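Residue-level listing of the chains:
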Amino acid sequence: ARFGFPEVMLGRHTGLAGTWRSLALMSPVDAMTAMLTGKTLIARRAKAQGLVDVVTEGRHFAKALRWAVNGKLARPKGPGLLAKAMALGPARSFLAQRMEAETAKKAKRAHYPAPYALIDLWRRFGNDAAAMRRAETDSFARLLLTDTSRNLVRCFFLRERLKAYAKGAEHGIRHVHVIGAGVMGGDIAAWSALRGFRVT
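Residues numbered from 1 in each chain as written. Predicted model: local features only at pLDDT ≥ 70, side-chain atom pairs only at ≥ 80, totals over all residues. Heavy atoms only, no water.

Q: Please give an account of the packing of helix α2 (residues 28-37) against helix α6 (residues 89-106) that cites residues and values.
A: Packing of α2 against α6 leaves a shortest axis separation of 12 Å and a crossing angle of 25°. By the angle class used here, α2 and α6 are roughly parallel. Crossing of α2 over α6 shows right-handed handedness. Packed against α2, whose contacting residues are Pro 28, Val 29, Met 32 and Leu 36, the element α6 presents Leu 95, Met 99 and Thr 103 at the interface. (Axes fitted to C-alpha atoms, helices over the stretch in contact; angles between N-to-C directions. Helix = DSSP H or I, 4+ residues; strand = E, 2+ residues; numbered from the N terminus. Parallel < 35°, antiparallel > 145°, perpendicular 65-115°, else oblique. Left-handed = near helix turned anticlockwise from the far one by under 90°. Contact = heavy atoms within 4.5 Å.)

Q: Go over the packing of helix α7 (residues 113-125) against helix α8 (residues 129-144) with me, naming the residues and quoting the values.
A: Their axes nearest at 10 Å, the elements α7 and α8 cross at an angle of 165°. Overall, the two elements α7 and α8 adopt an arrangement that is roughly antiparallel. Crossing hand, α7 versus α8: right-handed. Residues Pro 113, Ala 114, Ala 117, Leu 121, Trp 122 and Phe 125 of α7 lie in contact with α8, whose contacting residues are Ala 131, Met 132, Ala 135, Glu 136, Ser 139 and Leu 143. Of the residues that constitute the contact of α7 with α8, the class distribution is 10 nonpolar, 1 polar and 1 charged. (Nonpolar A, V, L, I, M, F, W, Y, C, P; charged D, E, K, R; others polar.)

Here it is, written out as structure tokens:
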């Protein structure tokens, strides 16, 4: 199983109370990193960071479910003292500044506003869950209407359609002509020939 917050890949940040809930479960650095990058966490890492309560193998699922329903599973304690200290004003402001600097290396604010909106949300309301929840809703709604979000959602659906073609949909292509015979061109030609295309 993999867990994560992919919303940033669609031009928005985590919504539906996901920001303040994840910050209550995980350390601020872990939670913000997960939300800002959109990268997934494997189950063990998600558990170690506090996002997941329990990890079990499939064959033990029914037993684990019974234990959870009966209240027998120990719940994680949540972020420790260091994580709570990171959420305090001065530390939060410093960390937010560092996050903005790292984000700026990969994405410009004018083109990708979502990561910056998330950082600003945490900087302003990181120690007030109720205020953060209200601000998260407003911020999420604004980001939904941006050109960036619309275009990234469109790209997502186009990628999904391309994946469907790769799974054997009929495309009508029989002949592939590769321009360039370097390492990449050679590999493309070889792969195409192995798939039954006529290659020149």
